[in-house]
Every structure is written in C-alpha cells, then in structure tokens.
Amino acid sequence: MQAMAHVDEMKKIGMTEAWLRKHRPVYNAATKHPFIRSIRDGTVQIHSFKTWLAQDYLFVREFVPFVASVLIKACKQSHDNDDVEVILGGIASLKDEISWFKREANKWDIQLSEVIPQTANKNYCRLLESLMSPEVDYTVALTAFWAIEVVYQESFAHCIEEGSKTPPELKETCERWGNEGFGQYCKSLQKLVDQRLQKASDDELKKAEVMLLSIIEHEIEFWNMSRGN
Ligand SMILES: Cc1ncc(CN)c(N)n1
C-alpha cells in the first residue's frame, strides 16, 4: 500500500521532483552553500567572489560545447520539437552570458586570459567532456544539463529573496540566474527531463539519478573552490 502511494506520488510530482526530495540534504548543501549564504548575508569576501567569477568564465566556455552536444542528441533522438527549441534557447542565452562575464571581469579588474583553471573546475569540465560522447544517452545528458542550470537558479534566487543582504554590486550577478525568466527556463528543462524519464528503462533511470548526484557534488566542489576550501 505504501509502495503504491509512493508510485502515485512520483506520477503526480514527476521523477525529478521526487529525486530532489529524496536527496534534499545534498541538494541544499549545493544551493545553500556557505559561499551562497555569504553573498546572501552580505559577508562575502570580494576575493572569493572574484575567484568564482574568473573560474566560472572558464567553466561556461566549456559548457557551450556540452550544451551543443545535448542539442545534437535532442535533434537525433527526440521526436518532440519542444526539446530542440528549449535547448536552442539555452545556447542563445550563453552568447549573452559570455559577454556579461567579460564586462563583469573588466569591472573587477580580472584578466580572463590569465586565469588558470583550478582542480575542481578541471574535474567538472572533465565530466562535461565525458558527457559529450555519443555513447552517453540523451536522457542522462539532459538530466545533467537541467541539474547544472537548476542549482545555479536556486542558489542565486536565494540571494535575492526578501530579507537578503546581498551587496548592491553583486545583485546583478544574482539576478542573472535568480530571475523569474531563468526560473521558467529551468522548469521547461525539468519538464523535458520528466517526459524522458517517464519512458526510460530502469537502467537509464538509475544512470540519470546517479548523474544528478554527481552534478550536485561537482557544484558543491565548485563553490568550495571559490571559498578557497
Ligand atoms: C559551475 C556552474 N554551474 C552552472 C552554471 C549555470 N550555467 C554555471 N555558470 N557554472
């Protein structure tokens, strides 16, 4: 009876939401990481913020080919046009994101050409690279893509919620990922993932859940790097 209730609940809320509930402690460790909390309560060290900014620029450059590889998988494996359009929208906004990083780096006197990727960043980019392989299933790659975006969305939305004391000079950064539009985009991605997961085999489901956890761990390591942990 209890198992039935569990299956019914999964159908109602979708697999991704069920996973987020199941893995809430580790998910919160990413979205409410001490680095994020320090932005939100206004105690962030500016050198930590600058480290994050510089490293994230390098990450986003590697993220572009990864998202392109998800798009290729969608074109080949999805019979649903929604998938291609949502992913294409993500790629289009990355162009603006890269220009924003360059402007922001300028503002903080960061020479982007001199930034060296740190270990956590290299490890994360290595994971992205491995996900680009045609051997990796579309459902697993799409789950990773959604997870990467939603951790940023929730983290930065937390910094602009009522009562936050985010320093004014960091508000624009938080709004970039914490805004309503980015939230809607993450919801669209989540819907695509749930649709794929509904038709997935047990093996694919397991791989996608493991991938979600792996992304969350890499995001935690990425924030740790910004704090110099
Ligand atoms: C590490 C990381 N994760 C996610 C995002 C959001 N695209 C990002 N820019 N950087």
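Thresholds applied
Residues numbered from 1 in each chain as written. Predicted model: local features only at pLDDT ≥ 70, side-chain atom pairs only at ≥ 80, totals over all residues. Heavy atoms only, no water. Helix = DSSP H or I, 4+ residues; strand = E, 2+ residues; numbered from the N terminus. Rg over C-alpha atoms; globule rule 2.2 N^0.38 Å. Areas by Shrake-Rupley, 256 points an atom, 1.4 Å probe, with all protein chains shown as cover. Lys, Arg positive; Asp, Glu negative; His and termini not counted. Charge placed at Lys NZ, Arg CZ, Asp CG, Glu CD. Phe/Tyr/Trp six-rings, centres within 6.5 Å; stacked < 30°, edge-to-face > 60°. Buried < 20%, exposed > 50% of the residue type's maximum accessible area, 1.4 Å probe, protein only. UniProt positions renumbered as here; feature names shortened; annotations may be inferred. 1 Å grid on protein atoms, 1.4 Å probe; cavity = no way out; pocket = protein on both sides within 12 Å on 5 of 7 lines; lining within 4 Å. Contact = heavy atoms within 4.5 Å. pLDDT = per-residue confidence, 0-100. Axes fitted to C-alpha atoms, helices over the stretch in contact; angles between N-to-C directions. Parallel < 35°, antiparallel > 145°, perpendicular 65-115°, else oblique. Nonpolar A, V, L, I, M, F, W, Y, C, P; charged D, E, K, R; others polar.

### Considerations on the overall build of the protein chain
And then number 1: Each helix and strand in the protein chain was counted, giving eleven helices and zero strands.
And then number 2: Starting at the N terminus and ending at the C terminus, the protein chain contains elements arranged as α-α-α-α-α-α-α-α-α-α-α.
And then number 3: Relative to the globule expectation of 17 Å for 229 residues, the C-alpha radius of gyration of the protein chain, 18 Å, shows essentially globular dimensions.
And then number 4: Viewed in the frame of its principal axes, the protein chain has a C-alpha envelope of about 55 × 35 × 30 Å.
And then number 5: Of the roughly 11600 Å² of accessible surface on the protein chain, a fraction of 52% belongs to carbon and sulfur atoms.
And then number 6: For the protein chain, the distance from the average position of its 28 positive side-chain charges to the average position of its 34 negative side-chain charges is 2 Å.

### Describing the packing of aromatic side chains
Note on aromatic pairs: each is described by the distance of the centres and the angle between the planes.
And then number 1: If you walk through the whole model with that rule in mind, you get 24 aromatic pairs.
And then number 2: Taking 6.4 Å as the distance between ring centres and 40 degrees as the angle between the ring planes, the aromatic pair formed by W52 and Y152 counts as tilted. Of this pair, W52 sits in helix 5 (residues 46-77) while Y152 is found in helix 8 (residues 138-159), placing the two residues 100 residues apart along the sequence.
And then number 3: Overall, Y152 belongs to the buried group, its relative accessible area being 6%.
And then number 4: Members of the aromatic cluster, joined through ring pairs, are F35, F49, W52, Y57, W100, F101, W108, Y152, F156, W177 and W223.

### Structural notes on the UniProt feature "binding site: substrate" (unreviewed entry) in the protein chain
And then number 1: Per the UniProt record, "binding site: substrate" (unreviewed entry) is found at D56, E97 and E149. In three dimensions, the annotated residues from a span of 94 residues occupy one location, with a maximal C-alpha spread of 13.0 Å. In this structure, the largest cavity is lined, among the annotated residues mentioned, by D56, E97 and E149.
And then number 2: In this structure, D56 sits in helix 5.

### A look at helix 9 (residues 168-178)
Residues spaced three or four apart along an α-helix face the same direction, because each turn holds 3.6 residues.
And then number 1: Looking only at helix 9, the buried set comprises L170, T173, C174, R176, W177 and G178.
And then number 2: For helix 9, the secondary structure elements touched by its buried residues are helix 4 (34-40), helix 5, helix 6 (81-107), helix 8 and helix 10 (180-198).

### Digging into the confidence of the model for the protein chain
And then number 1: Mean pLDDT for the protein chain: 94, with 95% of residues reaching 70 or above.
And then number 2: The ipTM value of the predicted complex is 0.98, and its pTM value is 0.94.

### So, the packing of helix 5 against helix 7 (residues 119-131)
And then number 1: Contact geometry of helix 5 with helix 7 gives a least axis separation of 9 Å together with a crossing angle of 10 degrees. Comparing the axis directions of helix 5 and helix 7 gives the class roughly parallel. Residue-level contacts link Q55, L58, F59, E62, F63, F66, S69 and K73 of helix 5 to N121, Y124, C125, L128 and L131 of helix 7.
And then number 2: Partitioning the contact of helix 5 with helix 7 into residue classes produces eight nonpolar, three polar and two charged.

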